[in-house]
Amino acid sequence: MSLHFVEFELNGCQIDGMVEARRTLLDFLRCDVGCTGPHAGCEHGVCGACTVLVEGQAVRSCLMLAVQANGKTVETVEGLSGGPKELHPIQQLFREEFALQCGFCTPGFLMTLVALDRSEPRPNAAEMREALSGHLCRCTGYQGVLRVIDRLTEDRK
Amino acid sequence: MADASLSVVGAPLRHDSAHLHVAGQARYIDDEPETPDLLHLAFGTSTHARARIVAMDLDAVRAAPGVVAVYTAADVPGANDVSPVAGDDRLLADGEVVWLGQPLFLVAATSRRAARQAARLGRIDYDAQEPILTVEQARAAQSLIEPTQRMARGDAVAALAAAPHRLSGQLAMGGQDHFYLEGQIALARPLEDGQVHVLSSTQHPSEVQHLVAHMLGRSSADVTVEVRRMGGAFGGKESQAALYAAAAALVVHHTGRPAKFRADRDDDMVQTGKRHDFVVDYEVGFDAEGRIAGLCLRLASRCGATVDLSPAINDRAMFHADNAYFLGDVEIVSERLKTNMVSATAFRGFGGPQGMLAIERVMDAVAGHLGRDPLAVRVANLYGPGRDVTPYGMVVADNIAPDLIARLRSDARYDERQAAVARFNAESAILKKGLALTPVKFGISFTTTHLNQAGALLHVYADGSIQINHGGTEMGQGLYTKVAQVVAQAFGVGLDQVRITATRTDKVPNTSATAASSGADLNGMAALDAAETIRARLADFCARTFGCEIDAVVFAGGEVQAGGERMPWATLCRRAHMARISLSATGFYATPDLHYDRAAHQGQPFYYFAYGAALAEVVIDTLTGEHRVLAADILHDCGRSLNPAIDKGQIEGGFLQGQGWLTSEELVWDAAGRLLTHAPSTYKIPTANDRPDHLHVTLWDGANHRPTIHRSKAVGEPPFMLANAVFSALGAAIAATCPEAGWPMLDAPATPERILAALARQRDGVRA
Amino acid sequence: MKPFALDHAASPDAALAALGKGATAIAGGTNLIDLMKLQIATPERLVSIRRTGLDRIAPDGDGLRIGALVTNADCAADPRVRQDWPLLSQAILAGASPQLRNRATTGGNLCQRTRCGYFYDTTQACNKREAGSGCAARDGFNRIHAVLGTSDACIATYPGDMAVALLALDAVVLTQGPYGPRQIPLAMFHREPGDDPTRDNVLQPGELITAVRLPAPTGGRQIYRKVRDRASYAFALVSVAVDLTMEEGRIARCALAFGSLGTVPWRDPAVEEVLIGQEPSPALFARAAEVLLHHARGFGANDFKIPLAARALAATLAQATKV
């Protein structure tokens, strides 16, 4: 069993560690780094709860090896704000619009929306809705998340 | 005692953990820090649905890397039982297996991967028998979990014979996986003197506590179960969580090390129960208006291999086979079939959706037969004066269904849109639209009467902060927020003064599951009881101290007014503490006026009914069988809502979950009894793109006629059945291709191939 | 996941060298890592090819050359692709989810394995996973399985969308291998199972996809129609890719490919011959479907795919030929 040195920028901080090649980025983040915002929902890349940003792009951390993140920038929900008291505007919208119930899927939704919100040209509401179809939520019926999108795209007008 | 202002209860306040959820800081069990001695668990499971175990060779399992211990039924010190009622669910199989995927042995290893890999290495010698899987096989073998039940009034057969019109038909509806995003998980830790602490993602901490204690051969006082939040549950963590909690506790018992069992998603889907699938046969007699004169309904469900909660679930299907309609002479027969599959279990609606979908199909079939508008048939059959007693003998005393339907009909422009749909269908050859408006009347209470009780524990600290604990569990539905609102309101303080803490069996004992939509009804009342106890002590203290009448003490706006005195709430708390007033109290509530004679299926099993109605508009592509829900307009009754924003969330989420059950979520077992749809790639819950293009939810404005907590109504389950409108609308769209053929035979879920098959039958003129 | 060794290749040559020593290439890994988790794929050596520089889209004569490492997201969003080969963009966007498309690559997508449930269930017989073990799907739950190109050994479909569009667009797969470069027309890239379902495509050991080349745009009307169980994020029950040009009320040119219908992305020149030169009509579309499905064979649960394919074809052609 060979160990690989991996280092990357996580939420603005440089981190490193020795990992087995087979360690997924999700397991590395949750178990080795203690960064438990990305959740293990299905672990087959379907549900979206483990979504993080790698080089600014939303990806499934359960279908990526930790070593594949070597030298990259990785962002998780923890990096969006300084904590529950100073929320990122999209986090704030999620809260205001009741876009969550059990909250397990929420970090994944947030990461995809944040990436979309930053991208140029900025996607319209329909494109954002389509992007969200890669995230499963069993509680809300997605209605609150769509209100968030409406407000995000309104704010830009 | 003057009531405080209504600013907290009834306000659309945010979920108490929302700020944590969005920051990734709301802690679930899997987020707990792991100590180096933590053991990870996995089950070795059966590959036969029905067999005798001849021998188990687990040497390879024990020898696998990372494995610390392997346990079988022989290692269970107490009762090998994780069942809610009947004592027939084994933690680990003992001699025989009754479903494919049943846990046989338990592996404890140093990593989750090691445990899972080792669990595959067991060599099991089976003496396999032919499993009973289908409805037909179970009927032929008379394989039942309990005797067939009958609920009846009058003489349905005679009424049928005398009716001017008669119809018969069949409807099959599939089961449903809960697909909570957080899978089953438990983390058990050893305490001193053999005690165990279990973090369990469960809706029923008390039951987990009792089962774990019984399994270990210890007393309930030795086991503490705690749950702060679940990542969704929907009924799937009512009885099903006990298996994993018991496994973790067993390992703690033997090793003295903490143990975590996080089920893999596929394993979770195979190992835990689902909604019951049903086959319904009906025979109905009716007049020219479509009013039902007589009805024989036969409900058959596959309950799986053990009893679990199936008796109560199938009872609820019978209770809801009337939905909002007066059925006159009626016979409802309910077969509870025992099959060699994972035991079917609680799922939002608890049998209600199946019973209700059955009667909605009857309404549609009658309308199709007569060529009448289905809504006219529905309205003609509603409960009303002189027609207000259910088949189980309960008077429908709060019947708002006629008014609620009339309002939705007008607000959502049913008639205008129905005409527009007809015009569209006349001009469109390939795309066909359908529109339907269906009601919901859902009985609120556990139908097992003794479960309708709850407790709370309330502390007011000397600094004025308040800590509330109750027996209900938080699974995202906002129960903690609602109960905190009730408490804040009672003391006239802001919600920020109230800290609501994790549900623990050492704080509030002997609780019922957070289920049957009862969470806020029961725990809100228990919390209010506790709050009123403390408030009365404080009012008495004020009256004595400041020389005023007790009734003149007012708690409002974060202040207390007593006679001429006025002081901040915190000041009062401090003074009361100095005066040696107890600021801690328990609260209790038991729902009144419930009684039920199960042998006769007569009585008053519900405290009240929650109502709603939905109008759904769909379009189908007759070439491909695809469909889209264009719009849903919902009017739903939450009584006087404790929190309209949270209630709307329950309605929106329940509706889409119901839509998934009826359209895209399909469970398939093969001929050996193996579940084939056990992954999110093969089991398809709705995505954001499947929700209606237009979804409009309005709350019915009216108080509960019963003195429930602030006159609110339960909202967890009832909205699920609003999605019946989608299924009826799909039927209407198919019917539009050939209306003279009557209502189409469409089973649920309405996948593209089922819609195509229904279209083909419609074309060939097969009547429903 | 079983333990494995991992190397990073900084160039195509380095990748080829590693492949030559028996390593398995990993690009986005969105399918491979899942297969490794399930221990369906158990490579001992992986070589990451993400830094081989094969991630550019460049003009190629009148056509376009899409590097093997171009992500699905980038390919679908490329202005040239959207302008001149919209079929490709539509097909990619109809598949998977944005988060997967951000990782999944052009070459990897072509090599993705089937989603046959028996292939994924290691307790079941599957000739594709384990040669000679049998096919549990034939008599099992085969709702999503193929009705064309099947064999006694295997009825699994190729699951993807992108390749279906590429097939209709006459794309060519460019490879490098131990015996030099190859240009493999997409129509010849995937293999029908025959009696060896373990090999999904004609890539040789040690061979690496470097790019996909699109020929000059046809200027035709391009539509990708995907029938599935829910509105997004589901594999197709049947999909139809059409690139069609009308002249004076007749179908002048037409390319048609089908997904989730056959064991490989399916294209049948005879179907196109039926249509070319004709005035569009429901009868014509029905005749085309007859030709397409003449040899189709259902296995029970997937019987519905045969009429469904005929109807999906008719619907797509009706849309594509509408004035």
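Residues numbered from 1 in each chain as written. Chains lettered and ligands numbered in written order. Predicted model: local features only at pLDDT ≥ 70, side-chain atom pairs only at ≥ 80, totals over all residues.

Going by what an unreviewed UniProt entry lists, chain B is known as Xanthine dehydrogenase molybdopterin binding subunit and is assigned to Novosphingobium pokkalii.

Naming follows an unreviewed UniProt entry, where chain A appears as (2Fe-2S)-binding protein of Novosphingobium pokkalii.

Below, the discussion takes up the interface of chain C and chain A. Taken together, the contact pairs 18 residues of chain C with 24 residues of chain A. If you list the elements that add at least two residues to the side of chain C that touches chain A, you get strand E1 (5–8), helix H2 (32–37) and helix H6 (98–101) of chain C. It is H6(C) that provides the largest number of residues to the side of chain C that touches chain A, a total of 3 residues. Within the side of chain C that touches chain A, the residues separate by chemical class into 9 nonpolar, 7 polar and 2 charged. (Contact = placed C-beta atoms within 7 Å. Helix = DSSP H or I, 4+ residues; strand = E, 2+ residues; numbered from the N terminus. Nonpolar A, V, L, I, M, F, W, Y, C, P; charged D, E, K, R; others polar.)

What follows concerns the domain arrangement of chain A. Frequently, the measure chosen for interface size is the accessible area removed from exposure when the parts meet. Residue and element names in this part refer to chain A. Per the domain assignment, the segments making up chain A are domain 1 (3–79) and domain 2 (80–156). Placing a centre on the C-alpha atoms of domain 1 and another on those of domain 2 gives a separation of 20 Å. Taken residue by residue, the interface counts 16 residues in domain 1 and 13 residues in domain 2. Contributions of two or more residues to the side of domain 1 that touches domain 2 are made by strand E3 (51–54) and strand E4 (57–60). The biggest single contributor to the side of domain 1 that touches domain 2 is E3, with 3 residues. Split by residue class, the side of domain 1 that touches domain 2 holds 8 nonpolar, 8 polar and no charged. (Domains from an automatic or database assignment.)

Once that is clear, we can look at the sheet that holds strand E22 (residues 559–562) of chain B. Residues and elements named next belong to chain B. A sheet is described by the order of its strands in space; here 3 strands give the open sequence E21-E22-E23, paired in antiparallel fashion. The two strands at the open ends of the sheet, each matched to only one other strand, are strand E21 (554–556) and strand E23 (565–568). On average, each strand axis in the sheet is inclined to that of its neighbour by 15 degrees, with strand direction left out of account. Examined bridge by bridge, E22 and E23 share 4 bridges and lie antiparallel to one another. Across the sheet, alanine 562 pairs through a bridge with glutamate 565, a residue of E23. Seen against the sheet, helix H15 (residues 519–546) touches E21, E22 and E23 and runs at an angle of roughly 45 degrees to E22. Those strands touched by helix H16 (residues 569–578) are E22 and E23, and its axis lies near 95 degrees from that of E23. (Pairing = 2+ DSSP bridges. Axes fitted to C-alpha atoms, helices over the stretch in contact; angles between N-to-C directions.)

Residue and element names in this part refer to chain B. Confidence along chain B averages 96 in pLDDT terms, with 99% of residues attaining 70 or more. Residue range residues 1–6 is modelled with pLDDT below 50. Its contacts to residues more than four positions away, or to other chains, number 9 contacts. Here the predicted complex scores 0.96 on pTM and 0.96 on ipTM. (pLDDT = per-residue confidence, 0-100.)

Another aspect to go through is the domain arrangement of chain B. All names here are of chain B. The domain boundaries assigned to chain B delineate domain 1 (18–26 + 453–590), domain 2 (34–130 + 178–271) and domain 3 (278–391 + 398–447 + 598–763). Computed from C-alpha coordinates alone, the two centres of domain 1 and domain 3 are separated by 39 Å. Counting residues at the interface gives 17 residues for domain 1, matched by 17 residues for domain 3. With 6 residues, H15 is the largest single contributor of residues to the side of domain 1 that touches domain 3. Here the residues of the side of domain 1 that touches domain 3 sort into 6 nonpolar, 9 polar and 2 charged.

The next point concerns the packing of helix H9 (residues 310–319) of chain B against helix H10 (residues 352–370) of chain B. Residue and element names in this part refer to chain B. Relative to each other, H9 and H10 sit at 30 degrees, their axes nearing to 7 Å. With respect to their mutual orientation, H9 and H10 come out roughly parallel. Our pair here, H9 against H10, has a crossing hand that is right-handed. Contacts between H9 and H10 involve Arg316, Ala317, Met318 and Phe319 from the first element and Gly352, Gln354 and Gly355 from the second. (Parallel < 35°, antiparallel > 145°, perpendicular 65-115°, else oblique. Left-handed = near helix turned anticlockwise from the far one by under 90°.)

Residue and element names in this part refer to chain C. Residue placement: tyrosine 120 occurs in helix H8 (residues 117–120). Overall, the presence of 22 C-beta atoms within 10 Å leaves tyrosine 120 in the buried class. As for tyrosine 120 and lysine 305, which are separated by 185 residues in sequence, their C-alpha atoms are 22 Å apart. Excluding its chain neighbours within four sequence positions, the residues that come into contact with tyrosine 120 are Leu38 and Ile40. (Buried ≥ 20, exposed ≤ 12 C-beta atoms within 10 Å, placed from the backbone.)

Right, let's talk about the interface of chain B and chain A for a bit. Taken together, the contacts link 43 residues of chain B with 44 residues of chain A. For the side of chain B that touches chain A, the elements supplying multiple residues, two or more each, are helix H1 (18–22) and helix H17 (644–663) of chain B. Sorting elements by how many residues they give to the side of chain B that touches chain A places H17(B) first, with 7 residues.

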